[in-house]
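One letter stands for each residue in the lines below.
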Amino acid sequence: MVVPETTYKTWLENTEGVSVSGDLLVVSTQSIFAIEMLSQRLNKTIKDAIYQTSNKNYQIQYTLNGDEKNNRPKTTQGTIEGSWINPKFDFKSFITGSSNYLAYAAAKKICEVPGEIYNPLYLYSEWGLGKTHLIQSIAKTLKTKGLKVLSVSGETFVNEFVKSIKNKSPQKMNKYREADVFILDDIDFFVGKKQTIELFIHIINQLSISGKQIVVTSYNHPSKLDVSKRLTSILKSGLIVKIQTPDKETSKKYITKSFKKNGVNISEELIDFIGSKKYDSFSEIEGIIKSLVAHSDLLSTEITESMVRSILHDYKLENIKDINISKEKIFGLMKYMFGISEKEIIGRKTDKKTSFARQVAAYLLIEKSNFSMAQAGKVLGNRNHSTIIYSVNKIKKIMLKDVELKQEIEKSLIQN
């Protein structure tokens, strides 16, 4: 097998076979650019040459000389940079059931062999179903294996990138290239940000080639993200897992464990009754349990069926999901509730009150009517896709905790 001398000296002269395991041959070289060239353009030539001398077909993995994964002595503890870590979130405390077991199993598996399978691992679901719990469990587990973990939200990544450009210090984004594990929570925030997407693609390509683990979360399947086809293709190349809303069995397990955690004794009949309802998220269940525990503590009484029915009624109001609410009614409701006119909502005012009314309007257009993200954005003054997603998810989070706001909005929609 013959290659030009310049090709050999540039790309092949400084390569070295470092290990063989089964049909996997690990080859090291001196630069990330060499890895890209060898894996993308010369891989077939190299495999053919190896076959001619060994009569065996090898899969080849290219690594950097001095690659941290293979050559750096691991400390007993690695590091976690980025997002705040909740000490309560780990694999032991994650409640599994048919709705989320595949995501749980995939997360556990990549902790056994980070970077080798399911790379990238892409988890998606509505808010409050356990994505954050799982990625924090991954981060903690891989930290104990001596790995450098970088875990950030999509918003944080974008803000850091913008700041690095503004300050003319792009090298500050290099920390992501140096991670053993890169976790990005909420890639939806990247929508419409072409430069951010391009940088992210380069980073995860480099990490993937170097055998580093990548984990991404979202509210949507990759095919529904309004991002470049190249990024969609990369995200689809790994394992994609959707976390479903909790089934009754999983809800009951969660409810039982939550009451035990709060030191509350409650009858099996009441647990069955609470667990028989259909919930949108574990966060909603947690809110109901906190309300019941608080009522019990403040009133110095046991949790009764009437108390449970009262709290569930607050959370489970009349079902208006299927009512086709017009945009005119939604704008009218914003005027009634917040004193904010349609003109102000579709305008450019960004004060706290106007912004909140605009976010509620976005939530209602998506959740309580038949508007798509694009249509809602157009109705609200040509807002982009990521703004609408952010608004909807923010109001969902608020309404899970603020029962009074939920009551006011839903009752107003029915009455007005």
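Everything discussed here concerns the structure shown above.
Model, not experiment: these values are computed from the prediction.

**Student:** Explain the overall build of the protein to me, and be specific about the residues and the numbers.
**Tutor:** In terms of helices and strands, the protein carries 19 helices and nine strands. When burial is assessed residue by residue, the protein has 47% of its 416 residues classed as buried. A separation threshold of at least 6 residues defines the contact pool for the protein, and within that pool the share at least 24 residues apart is 74%. Total accessible area on the protein stands at roughly 21,700 Å², and carbon and sulfur atoms take up 51% of it.

**Student:** Talk me through a positive patch on the surface; I want residue IDs and the actual numbers.
**Tutor:** On the surface, K88, K290, K397 and K401 cluster together into a positively charged patch. For K88, the position within the fold is in the loop between β4 (79-82) and α5 (101-112). Judged by its relative accessible area of 61%, K88 is exposed.

**Student:** Explain the pattern of salt bridges residue by residue, including any values.
**Tutor:** According to the stated counting rule, one finds 13 salt bridges in the structure shown. A salt bridge links E160 to K175; the nearest nitrogen and oxygen atoms lie 3.3 Å apart. Residue E160 is found in helix α7 (residues 154-166), and its partner K175 is found in the loop between α7 and β7 (181-185); the two are separated by 15 residues along the sequence. On the basis of relative accessible area, E160 is assigned to the partly exposed category, the value being 24%. With a relative accessible area of 23%, K175 lands in the partly exposed category.

**Student:** Requested: an account of helix α3 (residues 43-54), with residues and values cited.
**Tutor:** The terminal C-alpha atoms of α3 lie 16 Å apart, and with twelve residues this matches the ideal 16 Å at 1.5 Å per residue to within 8%. Among the residues trailing α3, N55 stands out with phi positive, at a value near 60°.

**Student:** Could you give an account of the packing of aromatic side chains, naming the residues involved and the relevant values?
**Tutor:** All chains considered together, the criterion is met by 13 aromatic pairs. With a centroid separation of 5.3 Å and an interplanar angle of 80°, the aromatic rings of F190 and F200 are classed as edge-to-face. Taken as a pair, F190 in the loop between β7 and α8 (194-209) and F200 in helix α8 lie far apart in primary sequence, ten residues in all. A network of ring pairs unites the aromatic residues F157, Y176, F182, F190 and F200 as a single cluster. Geometry around F189 places K193 over its ring, the cationic atom sitting 4.7 Å from the centre.

**Student:** Explain the sheet that holds strand β1 (residues 16-21) residue by residue, including any values.
**Tutor:** Sheet strands pair via backbone hydrogen bonds, and the direction of the pair is either parallel or antiparallel. Read across the open sheet, the three strands follow the order β1-β2-β3; overall the sheet is mixed. On the outer flanks of this sheet lie β1 and β3 (59-64), each paired with one strand and no other. Taking the axes of each pair of neighbouring strands and ignoring which way they run, one obtains an average angle of 25° across the sheet.

Analysis parameters
- Residues numbered from 1 in each chain as written.
- Predicted model: local features only at pLDDT ≥ 70, side-chain atom pairs only at ≥ 80, totals over all residues.
- Heavy atoms only, no water.
- Helix = DSSP H or I, 4+ residues; strand = E, 2+ residues; numbered from the N terminus.
- Buried < 20%, exposed > 50% of the residue type's maximum accessible area, 1.4 Å probe, protein only.
- Contact = heavy atoms within 4.5 Å.
- Areas by Shrake-Rupley, 256 points an atom, 1.4 Å probe, with all protein chains shown as cover.
- Patch = residues over 30% accessible without salt bridge, like charges linked within 9 Å, V, L, I, M, F, W, Y side chains within 5 Å.
- Salt bridge = Lys/Arg side-chain N within 4 Å of Asp/Glu carboxyl O.
- Lys, Arg positive; Asp, Glu negative; His and termini not counted.
- Charge placed at Lys NZ, Arg CZ, Asp CG, Glu CD.
- Expected span 1.5 Å × (residues − 1).
- Phe/Tyr/Trp six-rings, centres within 6.5 Å; stacked < 30°, edge-to-face > 60°.
- Lys NZ or Arg CZ within 6 Å of the ring centre and 35° of its normal.
- Pairing = 2+ DSSP bridges.
- Axes fitted to C-alpha atoms, helices over the stretch in contact; angles between N-to-C directions.

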